[in-house]
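Architecture at a glance
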Amino acid sequence: MLAMPIVLMAQDTDVSDQWRFGVELYGWLPTMSGSTASGSDIDVDQGELIDALQMTFQGIVAAEKGKWSFTLDTVYLDVQDDQNGVLNVSSGIVNTHTNVELQTWIVSPTVGYRVMESEKGKLRIIGGARYLSLDADVDVDIGTVPPRIPQVSDSGNNWDGILGVNGEITLTEQWYL
């Protein structure tokens, strides 16, 4: 990920003893795939996702003092799609309308400890958690054909632990990978 952080810090004191704060905004464009409970495949490519995008926010807030760092990485995604179609039934053709909405939160608080630093980059050991929340609403209207399919909503959330390494490779004074 390539980012240009906004860093706030005191100018005339030793940097290692002062709190440093940063904010990074970034872009992440996933694809979505999976299976329904009935076994049907779901596959949404990046172009379809952009067309259905209602709102997104992706960013990191970070604080660092000495060798310790604290981050909060947040992703919010709201996508919605409407489709009209026809259904061929024994009594004729029926117009259909389907509306699908998905709201997702991914929040990852972490704590890191810097084990290496040079002019070329940094390496940290990190630990934390990742919270995932999904809310899905599906509304299918098949006109006047009984039985009418009602709106179906489901949501779920999950916490997972994070343990790993985090590194930076310095490209210039303002840019890093």
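Heads up: the structure comes first, above all this text.
The structure displayed is predicted, hence computed values, not measured ones.

**Quick notes on the packing of aromatic side chains**
Evaluation of the coordinates by the stated rule reveals 5 aromatic pairs. On the numbers, 4.7 Å between centres and 50° between planes, the contact of tyrosine 76 with tryptophan 105 is tilted. With a gap of 29 residues between them, tyrosine 76 in strand S6 (residues 68-89) and tryptophan 105 in strand S7 (residues 92-118) connect regions that are remote in the sequence. We classify tyrosine 76 as buried; its relative accessible area is 15%. Classification of tryptophan 105 by relative accessible area gives partly exposed; the value is 38%. Between tyrosine 131 and tryptophan 159 the ring centres are 5.0 Å apart and the planes differ by 45°, which places this aromatic pair in the tilted class. Here tyrosine 131, found in strand S8 (residues 121-141), pairs with tryptophan 159, found in strand S9 (residues 152-169); they are 28 residues apart in sequence, far enough to count as distant.

**Notes on the environment of phenylalanine 21**
Within the secondary structure, phenylalanine 21 sits in strand S2 (residues 20-25). Given a relative accessible area of 43%, phenylalanine 21 falls into the partly exposed group. Placed 50 residues apart in sequence, phenylalanine 21 and threonine 71 show a C-alpha to C-alpha distance of 9.7 Å.

**Focus: the pairing of strand S5 (residues 53-65)**
In this structure, S2 lies alongside S5, joined through 6 bridges in antiparallel fashion. Along S5, the bridge assignment pairs glutamate 24 with isoleucine 60. The sheet contact formed by S5 and S6 spans 12 bridges and is antiparallel. Bridge assignment links methionine 55 to a residue of S6, and that residue is aspartate 78. In this structure, the hairpin formed by S5 and S6 is closed by a connection of 2 residues, where glycine 66 is found at a positive phi of approximately 60°.

**Examining the layout of surface pockets**
As a volume, the second largest pocket reaches approximately 1,100 Å³. Surrounding the second largest pocket, 37 residues form its lining, Met32, Ile42, Val44, Val100 and Leu102 being those nearest its centre. Contributing elements (two or more residues each) for the lining of the second largest pocket: strand S3 (32-35), strand S4 (41-44), helix H1 (46-52), S6, S7, S8 and S9. Residues belonging to the lining of the second largest pocket are distributed by class as follows: 19 nonpolar, 11 polar and 7 charged.

**Looking at the pattern of salt bridges**
Enumeration according to the criterion identifies 6 salt bridges in this entry. For glutamate 64, the salt bridge goes to arginine 20, with nearest N and O atoms at 3.7 Å. One end of the pair, glutamate 64, is in strand S5; the other, arginine 20, is in strand S2, and 44 residues separate them in sequence. Given a relative accessible area of 11%, glutamate 64 falls into the buried group. The partly exposed category is assigned to arginine 20, whose relative accessible area is 23%. Between glutamate 64 and lysine 122 there is a salt bridge, with its nearest N and O atoms 3.9 Å apart. Of this pair, glutamate 64 sits in strand S5 while lysine 122 is found in strand S8, placing the two residues 58 residues apart along the sequence. Taken individually, glutamate 64 and lysine 122 each receive the classification buried, so the pair is uniform in this respect.

Cut-offs used in this document
- Residues numbered from 1 in each chain as written.
- Predicted model: local features only at pLDDT ≥ 70, side-chain atom pairs only at ≥ 80, totals over all residues.
- Heavy atoms only, no water.
- Phe/Tyr/Trp six-rings, centres within 6.5 Å; stacked < 30°, edge-to-face > 60°.
- Helix = DSSP H or I, 4+ residues; strand = E, 2+ residues; numbered from the N terminus.
- Buried < 20%, exposed > 50% of the residue type's maximum accessible area, 1.4 Å probe, protein only.
- Pairing = 2+ DSSP bridges.
- 1 Å grid on protein atoms, 1.4 Å probe; cavity = no way out; pocket = protein on both sides within 12 Å on 5 of 7 lines; lining within 4 Å.
- Points joined across faces, edges and corners; volume = space filled by probe spheres on them.
- Nonpolar A, V, L, I, M, F, W, Y, C, P; charged D, E, K, R; others polar.
- Salt bridge = Lys/Arg side-chain N within 4 Å of Asp/Glu carboxyl O.

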